[in-house]
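Remarks on the overall topology
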Amino acid sequence: MSEDEETQQRLNGGVWFYVNRTGFPMDDATWGRMWDYAAKIHPSGCAIQSGIRSQRTLPALALPHAPLSFAVSVTIPTRLTSIQKYLKQLQYNHTGTQFFDIKKNRPICGYLTNYFPGLDRFPISFRSNCRGNIHRHVVLALHHNGQYGCIGMSRRDDLMHKPIAFERLSDLIMDFICCYKKYDHDLEKVKIGATIPHDPHTYESIQWKV
């Protein structure tokens, strides 16, 4: 592993993937590195690369559209359902290269819910153990009209979206604990963060633990 590759891995928290820092269109070096690394980690190896790149035309992909605006008459729960539907349409990137430099302090859920009056938002972080492997997960918890829920992203429906129907925050957490157990995960730690301000121009950082 080269010195640059070691630095890249360290910057990514020890998780091995590349990050495109050249914008779009990618430069030739980033483009080639993406294909080479995808072939290295994919079960089909180089066949997956040649099978795609040899095609003259490829089917168009349906792009989900983010729900950026709502009529005033649309209720908060209905808006949140639309946002969660959009999040569920997003796909995991299996190339081993992040196309954008993703910042933890700029979460998409926070952006999409920024202008919802009367909606309090704060992060909940989970650390679970499954057969010795540590997994980490974050959702955006929500508080509206005295009840709790959350939105987020996960391969499991019941680990990302909870309707605003829980009377207490502890009820929401207990529901997550039951869902984790269903997938043979032992929940080791839960961290609750501070309320996220609605001002899009604030310099205040997200507090992931209070």
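Residues numbered from 1 in each chain as written. Predicted model: local features only at pLDDT ≥ 70, side-chain atom pairs only at ≥ 80, totals over all residues. Heavy atoms only, no water.

1. Considerations on the pattern of salt bridges
Evaluated as defined, the whole model comprises six salt bridges. Across the pair D175 and K162 runs a salt bridge whose closest N-O atoms are separated by 2.4 Å. Taken as a pair, D175 in helix 6 (residues 169–182) and K162 in strand 6 (residues 162–166) lie far apart in primary sequence, 13 residues in all. By relative accessible area, which is 27% here, D175 ends up partly exposed. The exposure class of K162 is buried, given its relative accessible area of 5%. D171 serves as the salt-bridge partner of R168, at 3.2 Å between the closest nitrogen and oxygen. (Salt bridge = Lys/Arg side-chain N within 4 Å of Asp/Glu carboxyl O. Helix = DSSP H or I, 4+ residues; strand = E, 2+ residues; numbered from the N terminus. Buried < 20%, exposed > 50% of the residue type's maximum accessible area, 1.4 Å probe, protein only.)

2. A look at a positive patch on the surface
Taken together, the side chains of K104, R136, K189, K191 and K209 define a basic patch exposed on the protein surface. Locating K189 in the fold gives a position in strand 7 (residues 186–192). A relative accessible area of 40% places K189 in the partly exposed class. (Patch = residues over 30% accessible without salt bridge, like charges linked within 9 Å, V, L, I, M, F, W, Y side chains within 5 Å. Areas by Shrake-Rupley, 256 points an atom, 1.4 Å probe, with all protein chains shown as cover. Lys, Arg positive; Asp, Glu negative; His and termini not counted. Charge placed at Lys NZ, Arg CZ, Asp CG, Glu CD.)

3. Section: a nonpolar patch on the surface
A surface patch of nonpolar side chains, amounting to about 380 Å² of accessible area, comprises F24, F100 and I102. By the secondary structure assignment, F100 is in the loop between strand 2 (97–98) and helix 5 (108–112).

4. Quick look at helix 6
Residues three or four positions apart in an α-helix share a direction because the helix packs 3.6 residues into each turn. Taking 1.5 Å as the rise per residue, helix 6 with 14 residues should run 20 Å; its terminal C-alpha atoms sit 20 Å apart, in good agreement. Within helix 6 the residues assigned to the buried category are L169, L172, I173, F176, C179 and Y180. Mapping the buried residues of helix 6 onto a view down its axis gives an arc of 120°, with all of them on the same face. Residues C178, K181 and K182 are exposed on helix 6 and point more than 90 degrees away from its buried face. Looking at the packing, one finds that the buried side of helix 6 touches strand 3 (120–130), strand 4 (133–144), strand 5 (147–151), strand 6 and strand 7. Backbone geometry just downstream of helix 6 places D184 in the positive-phi region, at approximately 60°. (Expected span 1.5 Å × (residues − 1). Arc of directions from axis to C-beta. Contact = heavy atoms within 4.5 Å.)

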